[in-house]
Amino acid sequence: KRINEVEGKVQAFLALDEENARAKAKALDEKIGQTDEKGLLFGMPIGIKDNIVTKNLRTTCASKILENFDPIYDATVMGKLHQAETVTIGKLNMDEFAMGSSTENSGFKDTRNPWNLDRVPGGSSGGSAASVAAGEVLFSLGSDTGGSIRQPASFCGVVGMKPTYGLVSRFGLVAFASSLDQIGPVTRTVEDNAYLLKAIAGHDEMDSTSANVAVPDYVKALTGDIKGLKIAVPQEYIGEGVNEEVKQSVLDALKVLEKLGATWEEVSLPHSKYALSTYYLLSSSEASANLSRFDGVRYGYRTPDAQNLLDMYKMTREQGFGDEVKRRIMLGTFALSSGYYDAYYKKAQKVRTLIKKDFEDIFQKYDVIIGPTTPTPAFKIGENLADPMTMYVNDILTIPVNLAGVPGISVPCGFADGLPLGLQIIGKHFDESLVYKVAHAFE
Ligand code: GLN
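Computed from a predicted structure; not experimentally measured.

**Q** Residues and numbers for the site of the ligand, please.
**A** Looking at the ligand, there are 15 residues lining it, with Gly146, Ser148, Tyr279, Arg328 and Asp395 nearest. Contact between the ligand and Ser101: a nitrogen atom at 2.9 Å from a side-chain N or O atom of the residue. For the ligand, an oxygen atom lies 2.8 Å from a polar atom in the side chain of Arg328. Out of a free accessible area of 290 Å², the ligand has 100% covered by protein chains. Broken down by class, the residue content of the shell around the ligand amounts to 5 nonpolar, 7 polar and 3 charged.

**Q** Describe the sheet that holds strand β4 (residues 139-144), listing the residues and the values that go with them.
**A** With respect to topology, 11 strands assemble into an open sheet ordered β1-β3-β2-β4-β6-β5-β10-β11-β9-β7-β8, the strand pairing being mixed. Whereas interior strands pair on both sides, the edge strands pair on one side only; in this sheet they are β1 (13-16) and β8 (263-267). Averaged over all pairs of adjacent strands, the angle between their axes in this sheet comes to 30°, without regard to strand direction. As judged from the 2 bridges shared by strand β5 (residues 159-162) and strand β6 (residues 182-187), these two strands associate in the antiparallel manner. Pairing of Gly160 across the sheet is with Val186, part of β6.

**Q** Provide a residue-level description of the pairing of strand β10 (residues 408-416), including the pertinent values.
**A** Of the pairings in the sheet, the one linking β5 to β10 comprises 3 bridges and is antiparallel in character. Among the inter-strand pairings, Lys162 is bridged to a residue of β10, identified as Gly408. Across 7 bridges, the pairing between β10 and strand β11 (residues 419-426) is antiparallel. Residue pairing for β11: Phe415 is matched across the bridge by Pro420.

**Q** So, the packing of helix α8 (residues 275-290) against helix α11 (residues 342-365): which residues are in play, and what are the values?
**A** In contact at an axis separation of 9 Å, α8 and α11 are set at 125° when each is read in the N-to-C sense. As far as their axial angle goes, α11 and α8 are oblique. Two packed elements cross with a definite hand, and for α8 against α11 that hand is left-handed. Residues Ala275, Thr278, Leu281, Leu282 and Ser285 of α8 pack against Tyr344, Tyr345, Ala348, Gln349, Val351, Arg352 and Ile355 of α11. Residues of the contact of α8 with α11, tallied by class, amount to 8 nonpolar, 3 polar and 1 charged.

Analysis parameters
- Residues numbered from 1 in each chain as written.
- Predicted model: local features only at pLDDT ≥ 70, side-chain atom pairs only at ≥ 80, totals over all residues.
- Heavy atoms only, no water.
- Near = heavy atom within 4 Å.
- Polar contact = N/O pair within 3.5 Å; in protein donor to acceptor, adjacent residues only side chain to side chain.
- Areas by Shrake-Rupley, 256 points an atom, 1.4 Å probe, with all protein chains shown as cover.
- Nonpolar A, V, L, I, M, F, W, Y, C, P; charged D, E, K, R; others polar.
- Pairing = 2+ DSSP bridges.
- Helix = DSSP H or I, 4+ residues; strand = E, 2+ residues; numbered from the N terminus.
- Axes fitted to C-alpha atoms, helices over the stretch in contact; angles between N-to-C directions.
- Parallel < 35°, antiparallel > 145°, perpendicular 65-115°, else oblique.
- Left-handed = near helix turned anticlockwise from the far one by under 90°.
- Contact = heavy atoms within 4.5 Å.

If you want it as structure tokens, here you go:
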């Protein structure tokens, strides 16, 4: 009912799976009374970002090149959701192949920010954040390579978590930049978020980068007690380029945390000024390799116009990919080509290590790092389209977290001009419990 009311305006979904959702809900309903054994998220409606592979349910990555792709298997997270007994409502809009910060790079439609329909919902998981904010679903899954869960969560006033790299299986997540990609939960509350992460986390032998660690009960961590917590606030996160109201909201949030018994100090992440360049070299390099599989032979679209094999490859990719995806493939192919590899790709790898070390140094002394999620609130649809660089700057505060592989959450922390702002809480590797505890105490 709610989807029928608001979806015409918000446009969060690429596909609704109404028939199967009703059948699943009915089957779960019939179980009530017959058994006490219920999944962790029994009967909860959930939406799935369209780069997560769903068996027999079209998975397009918001790209024309996958317009007709019906997967024959489920991503590992989908298997885990089946176990938790959620009800999948449909597939959510995104920037094509998760490349973007506004969902305007979708090959199919623009999603709108439910708080103000002239504004973007953020991206690339714009559909995931907008659908939860608009009350169309209770939960959604997004993916975050450089900020794509946290930035839209911030823009839409919901809670979005990018887990530690390796905590959630990437099997069945269509790869953008494999060393950075993570699936994570988007919800209204921190508690819901903790439940959903608990349901999807855990080791998976189908993903060679999956970590073999025990999954703690994140919900148990939500005690409200953060007395003695040591917070680091990077000066780079509240410095130049960050909007005044955003800064103020973070300072206000720190006051709340102080009242709860925490202390904070300003610190520095000295290499964070290189994070954006490092990220765009590495993520585009990985993307150029990952996206080579879309060649008109194996999946989705194939051009009807070619007369020979080579033209078929070229024309399929020419016609199937959007501009931003092509830009990344060209940049990545260039950075990986012989003669440039050492100067760009290898150098970026080295800088990534320095950025990671910045975080490790801070975590020697502090429990969590806190700052804004984004430098500004949601911008207007179309506003940043002309210049890719202004779009890239949106992720300046989220990208270092992916490069370091640590967990980060965005929780709502106020408004500027009627638009939600997000507070980013960053933790040590696999310290999601503490990140949730702090987010929950603040919320
Ligand atoms: N906006 C960033 C990009 O375009 C991050 C995307 C993401 O996290 N998937 O690459």
